[in-house]
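Single-letter residue listing:
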Amino acid sequence: MNRNVTAIRTRLNATFGVVRATVVGSHKKGTAIRTYSDVDVFVVLQRMEARWGSSDVSSTTLLKRIRDDLQARYPATAVRRDEVAVVVGFGSGEFAVDVVPALFDSFRGRPIFRIPDGGGGWMPTAPDAQLKWLRAAHAASARRLIPVVRMLKWWSCTRAATASFRSTYLEALLGCENVVGGPWSHAEALARAFSYLARSGLSQVADPAGISSDSLAPTRTPRQRATLLEAARSAAGRSTAALAAERAGDWRGAIRQWSIIFNYQFPE
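In this report, the structure presented in the accompanying data block is examined.

Parameters and conventions
- Residues numbered from 1 in each chain as written.
- Predicted model: local features only at pLDDT ≥ 70, side-chain atom pairs only at ≥ 80, totals over all residues.
- Heavy atoms only, no water.
- Helix = DSSP H or I, 4+ residues; strand = E, 2+ residues; numbered from the N terminus.
- Rg over C-alpha atoms; globule rule 2.2 N^0.38 Å.
- Buried < 20%, exposed > 50% of the residue type's maximum accessible area, 1.4 Å probe, protein only.
- Contact = heavy atoms within 4.5 Å.
- Areas by Shrake-Rupley, 256 points an atom, 1.4 Å probe, with all protein chains shown as cover.
- Lys, Arg positive; Asp, Glu negative; His and termini not counted.
- Charge placed at Lys NZ, Arg CZ, Asp CG, Glu CD.
- Core = buried A, V, L, I, M, F, W, Y, C linked by side-chain atoms within 4.5 Å.
- Pairing = 2+ DSSP bridges.
- Phe/Tyr/Trp six-rings, centres within 6.5 Å; stacked < 30°, edge-to-face > 60°.

## Points about the overall build of the protein chain
When helices and strands are counted, the protein chain shows nine helices and nine strands. What you see for the protein chain is a C-alpha radius of gyration of 20 Å, in line with the 18 Å of a compact globule of 268 residues. Taken along its principal axes, the extent of the C-alpha atoms in the protein chain is 70 × 40 × 30 Å. Buried positions account for 46% of the 268 residues belonging to the protein chain. The long-range fraction of contacts in the protein chain, counting pairs at least 24 apart against all pairs at least 6 apart in sequence, stands at 58%. Surface accessibility of the protein chain: about 13,500 Å² in total, with carbon and sulfur atoms responsible for 51%. With 36 positive and 22 negative side-chain charges, the protein chain shows a separation of 2 Å between the mean positions of the two kinds.

Next up, the structure:
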């Protein structure tokens with residue numbers, strides 16, 4: 001994967017005015033899960049790359065330029081535009097790299113960038129500030145937050161109907177309230193997280209890093225959210241039953257409940 005990221009950096013450096021290109025997202029945060037988490041490459045471009053005359057081009061236009069350029073570099077690989085990135089599907093998508101173009105916006109105690117918002121416009125982001133917040137929340141949780149987030153991402157990806165769960169939302173929801181911090185076993189922390197997801201109703205939450213004024217949503221659409229909430233409520237009930245079975249010494253029963261929660265992809 002490092003080879004693919006390096007090759008993309010080299011190509012973009014040769015074609016565009018690149019200021020820097022770094023890995024961000026789940027692979028940087030430690031919340032990535034194998035086969036499901038793409039590698040996010042944050043590519044800061046010179047401002048001229050997004051200008052046409054005296055105004056900025058739409059983010060859709062810039063994404064198309066990057067997609068066309070990378071498709072020319074990898075003619076045998078599927079290259080497509082996503083909401084905010086260009087996805088290069090190495091290994092038939094198993095080792096995909098998401099190229100996120102960014103423009104420097106301002107410095108307000110930390111560098112703020114603008115990235116595509118999925119609708120042709122631009123939205124603010126600050127990967128360094130987001131990573132700093134997550135690490136602080138992880139430390140405050142007795143270092144349980146990141147492992148629990150990783151497990152919940154795996155849970156959501158074991159079924160296509162719940163795979164739309166957004167990682168940044170999950171981190172914010174659990175981290176802001178320190179839901180899993182405490183003298184819990186990993187099973188107890190995970191059960192507490194499921195219970196909190198169910199009780200929360202998966203309502204939108206404020207950006208804990210204070211970068212965006214827009215609230216974070218758990219999924220792209222209300223229908224996806226409703227499906228995810230139903231699954232979270234089911235998982236909360238079964239995780240409670242799993243803990244009860246564990247306390248009674250019924251390990252087989254506990255494993256059965258966890259296996260159902262994780263769609264029979266939970267390691268025994």
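## What to know about the nonpolar core
Within the largest apolar cluster, 34 residues are counted, with the highest numbers of intra-cluster contacts made by Leu 152, Trp 155, Leu 174, Phe 194 and Leu 197. If you list the elements that add at least two residues to this core, you get helix H4 (127-140), helix H5 (145-157), helix H6 (167-176), helix H7 (186-200), helix H8 (222-247) and helix H9 (251-261). Looking at this core, the element that brings in the most residues is H7, giving seven residues. With residues near it in sequence (within four places) discarded, Leu 152 still touches Leu 170, Leu 174, Leu 190, Ala 193, Phe 194 and Leu 197. One finds Val 43, Ala 50, Val 57 and Val 79 within the second-largest nonpolar core, a separate group that totals 25 residues.

## Side note on H9
Along H9, the residues that are buried comprise Gly 253, Ala 254, Gln 257, Trp 258, Ser 259, Ile 260 and Ile 261. Its buried side turned inward, H9 meets H5, H7 and H8. Within two residues after H9, Asn 263 carries a phi angle of roughly 55 degrees, on the positive side.

## Observations concerning the pairing of strand S9 (residues 122-125)
Pairing between strand S8 (residues 111-116) and S9: four bridges, direction antiparallel. Bridge pairing links Pro 116 to Trp 122 in S9. Between the antiparallel neighbours S8 and S9 lie five residues, among them Gly 118 with a positive phi of about 90 degrees.

## Some thoughts on the packing of aromatic side chains
Under the counting rule described, the total for this entry stands at six aromatic pairs. Seen from their ring centres, Phe 42 and Phe 113 are 5.4 Å apart, and the 80 degrees between their planes marks the pair as edge-to-face. Within this pair, whereas Phe 42 is found in strand S2 (residues 39-45), its partner Phe 113 is found in strand S8, the two being separated by 71 residues in sequence. Of the two residues, Phe 42 and Phe 113, neither departs from the other in class, the shared state being buried. A centroid spacing of 6.2 Å and a plane angle of 45 degrees characterise the contact between Phe 165 and Tyr 169, whose relative ring orientation is tilted. Judged by relative accessible area, which is 10%, Phe 165 ranks as buried.

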